[in-house]
Amino acid sequence: MGQYLIPANSKRSMLILGLFTVVDLIIFGVGATITAALMMFVHAETMSDVLVIVTPLIITSAMVVPVPNHRNVWQLTANVYHYFANRRTYYWKGWCMIYGEENNQK
């Protein structure tokens, strides 16, 4: 007695429709809004024009579609962006340190 069993899908109950977070819906909403604005103001004559207009919706849909381990995909995407967007100067202090306090004492 007094032991509680947590169901396997307890985290899904915190999601909207059991699949999406608020951030997911905001991302999808931005893509849908951009696509709707492009549909209203751009006259599409060819199929390539239609594909360009619908591209924001396709990209944002692909970003929020629930795939297995999609939070891991988000983290990988954030890591790749962080790697390319920030400075890549790595400082390392190891046992064979050439520059540092130990050389200043000589």
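Here the structure is shown first, and the text comes after it.
Residues numbered from 1 in each chain as written. Predicted model: local features only at pLDDT ≥ 70, side-chain atom pairs only at ≥ 80, totals over all residues. Heavy atoms only, no water.

**Some words on helix 2 (residues 47–64)**
The terminal C-alpha atoms of helix 2 lie 25 Å apart, and with 18 residues this matches the ideal 26 Å at 1.5 Å per residue to within 8%. Considering bend angle alone, the principal kink of helix 2 is centred on valine 54 and spans about 45 degrees; proline proline 56 follows within four residues of it. Buried residues of helix 2: Ile53, Val54, Pro56, Thr60 and Val64, and no others. Packed against the buried residues of helix 2 are helix 1 (22–41). (Helix = DSSP H or I, 4+ residues; strand = E, 2+ residues; numbered from the N terminus. Expected span 1.5 Å × (residues − 1). Bend = angle between axes of the 7 residues up to and from the residue. Buried < 20%, exposed > 50% of the residue type's maximum accessible area, 1.4 Å probe, protein only. Contact = heavy atoms within 4.5 Å.)

**Quick notes on the packing of helix 1 against helix 2**
Contact geometry for helix 1 and helix 2: axes closest at 7 Å, N-to-C directions at 170 degrees. As far as their axial angle goes, helix 2 and helix 1 are roughly antiparallel. Mapping the contact onto sequence places Asp24, Ile27, Phe28, Gly31, Ala32, Ile34, Thr35, Leu38 and Met39 in helix 1 and Ile53, Val54, Pro56, Leu57, Thr60, Ser61, Met63 and Val64 in helix 2. Looking at the contact of helix 1 with helix 2 residue by residue, the class counts come to twelve nonpolar, four polar and one charged. (Axes fitted to C-alpha atoms, helices over the stretch in contact; angles between N-to-C directions. Parallel < 35°, antiparallel > 145°, perpendicular 65-115°, else oblique. Nonpolar A, V, L, I, M, F, W, Y, C, P; charged D, E, K, R; others polar.)

**Considerations on the side chain of threonine 60**
Mapped onto the elements, threonine 60 comes out in helix 2. Among the residues examined, threonine 60 registers a relative accessible area of 10% and is labelled buried. Within polar-contact distance, the side chain of threonine 60 engages the backbone oxygen of proline 56 at 2.9 Å. Leaving out residues up to four positions away in the same chain, threonine 60 has contacts with Ile27, Phe28 and Gly31. (Polar contact = N/O pair within 3.5 Å; in protein donor to acceptor, adjacent residues only side chain to side chain.)

**Describing helix 1**
Taking 1.5 Å as the rise per residue, helix 1 with 20 residues should run 28 Å; its terminal C-alpha atoms sit 29 Å apart, in good agreement. Those residues of helix 1 that sit buried are Asp24, Ile27, Gly31 and Thr35. For helix 1, the arc enclosing every buried residue in end-on projection is 75 degrees, short of the 170-degree limit, so these residues lie on one face. In helix 1, the exposed positions angled more than 90 degrees off the buried face are occupied by Val22, Ile26, Thr33, Met40 and Phe41. (Arc of directions from axis to C-beta.)

**A closer look at a nonpolar patch on the surface**
A surface patch of nonpolar side chains, amounting to about 650 Å² of accessible area, comprises Ile16, Leu17, Val22, Leu25, Ile26, Val30 and Ile34. Considering the arrangement of structural elements, one finds leucine 17 in the segment before helix 1. Given the relative accessible area of 73%, leucine 17 is considered exposed. (Patch = residues over 30% accessible without salt bridge, like charges linked within 9 Å, V, L, I, M, F, W, Y side chains within 5 Å. Areas by Shrake-Rupley, 256 points an atom, 1.4 Å probe, with all protein chains shown as cover. Salt bridge = Lys/Arg side-chain N within 4 Å of Asp/Glu carboxyl O.)

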